[in-house]
Amino acid sequence: MTTLRITRGMLDADADNFYLGTEFDGGATFNGSVVIDPGLGVVRFGGSVRVVGSLCARAGSGIEAGWGIEAGGGIEAGEGIEAGWDIRAGAGIRAGSGI
């Protein structure tokens with residue numbers, strides 16, 4: 001399974017830390033896991049974030065999606081996890097500062 005590592009260079013610092021990649025465009029499901037580097041603050045996704053594997057934001061990073069967050073494995077964030085619609089995980093959800 002592929003792992004997508006999100007780093008500071010993949011974020012739009014001028015637009016409130018939005019992820020610039022196209023892996024999730026149009027509601028697409030990423031066939032792998034996602035790891036967000038530590039210390040990035042809240043990483044924002046305009047639509048939904050869907051992954052077959054797990055979604056992990058290291059210490060000092062959080063996850064925010066305009067629609068939903070879904071992972072076949074677990075969802076974990078050092079900071080908070082927030083979605084406009086729902087949050088679903090096959091193996092648990094854990095956040096350092098709120099869901």
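Analysis parameters
Residue numbers run consecutively from 1 along every chain, following the written order of its sequence. Local features in this predicted model are restricted to residues whose pLDDT is 70 or higher, and side-chain atom pairs enter the listing and the counts only when it is 80 or higher, whereas totals over whole chains, interfaces and linings include all residues. Note: side-chain values were computed over all heavy atoms of the structure, leaving out hydrogens and water. Where helices and strands are cited, they refer to DSSP runs of H or I of at least four residues and of E of at least two residues respectively, numbered from the N terminus. By definition, two strands form a pair when at least two bridges between them are found by DSSP. Helix axes use the C-alpha atoms of the stretch in contact, all axes being lines fitted to C-alpha atoms, and the angles between their N-to-C directions lie in the range 0 to 180 degrees. Salt bridge, as used here: a side-chain nitrogen of Lys or Arg that lies within 4 Å of a carboxyl oxygen of Asp or Glu. Relative accessibility under 20% of the residue-type maximum defines a buried residue, over 50% an exposed one, and the middle range a partly exposed one, all with a 1.4 Å probe and only protein chains included. Within this scheme, the nonpolar core is defined by two criteria: the residues are buried Ala, Val, Leu, Ile, Met, Phe, Trp, Tyr or Cys, and they are joined through side-chain atoms within 4.5 Å. Only heavy atoms matter for contacts: two residues are in contact if any of them lie within 4.5 Å across the pair. Think of it this way: a Phe, Tyr or Trp ring, Trp meaning its six-membered ring, pairs with another when their centres are within 6.5 Å, and the plane angle makes it stacked under 30 degrees, edge-to-face over 60, tilted otherwise.

> Now, about unusual backbone geometry: what can you tell me, with residues and values included?
One non-glycine residue, Asn17, lies in the positive phi region at around 70°. In this fold, Asn17 is placed in the loop between strand 2 (11-12) and strand 3 (18-19).

> Give me the lowdown on the sheet that holds strand 14 (residues 93-95), citing residues and values where you can.
Backbone-to-backbone hydrogen bonds join strands into a sheet, with any given pair of strands oriented parallel or antiparallel. The strand order across the open sheet formed by five strands is 1-5-8-11-14, and the pairing between neighbours is parallel. Looking at which strands have only one partner, the edges of the open sheet turn out to be strand 1 (2-6) and strand 14. Between one strand axis and the next, the sheet turns by 10° as a mean value, whatever way the strands run. Judged from the three bridges that link them, strand 11 (residues 75-77) and strand 14 form a sheet pairing that is parallel. Looking at strand 14, one finds that Ala77 is bridged to Ala95.

> Please give an account of the pattern of salt bridges that cites residues and values.
Under the definition given, this model contains five salt bridges. As a salt-bridge pair, Arg5 and Asp37 come within 2.8 Å of each other at their nearest N and O atoms. Highlighted residues: Arg5 in strand 1 and Asp37 in the loop between strand 5 (32-36) and strand 6 (41-45), separated in sequence by 32 residues. By relative accessible area, which is 52% here, Arg5 ends up exposed. Among the residues examined, Asp37 registers a relative accessible area of 15% and is labelled buried. Taking the shortest distance from any N to any O, the salt bridge between Asp86 and Arg88 comes out at 2.8 Å.

> Explain the pairing of strand 5 to me, using residue names and the numbers behind them.
Among the five residues that make up strand 5, five are buried, leaving the element largely enclosed by the rest of the structure. Summarising the sheet, strand 1 and strand 5 pair through five bridges and their orientation is parallel. Residue pairing across strands places Arg5 opposite Val35, the latter belonging to strand 5. Here three bridges tie strand 5 to strand 8 (residues 55-57), and the two strands are oriented parallel to one another. If you follow Ile36 over to strand 8, its bridge partner there is Ala57.

> Could you give me a rundown of the nonpolar core, with the residues and numbers involved?
In terms of nonpolar packing, the biggest core is built from 22 residues, with Phe24, Val34, Ile36, Phe45 and Ile63 touching the most fellow members. The set of elements that each furnish at least two residues to this core consists of strand 1, strand 5, strand 6, strand 7 (49-51), strand 8, strand 9 (61-65), strand 10 (69-71) and strand 11. Not counting residues within four places of it along the chain, the set of residues in contact with Ile36 comprises Ile6, Val43, Phe45, Cys56, Ala57, Arg58, Ser61, Gly62 and Ile63.

> Pulling in residues and values, what's your account of the packing of aromatic side chains?
Here the structure, examined in full by the defined rule, presents four aromatic pairs. Site record: aromatic cluster; members linked through ring pairs are Tyr19, Phe24, Phe30 and Phe45.

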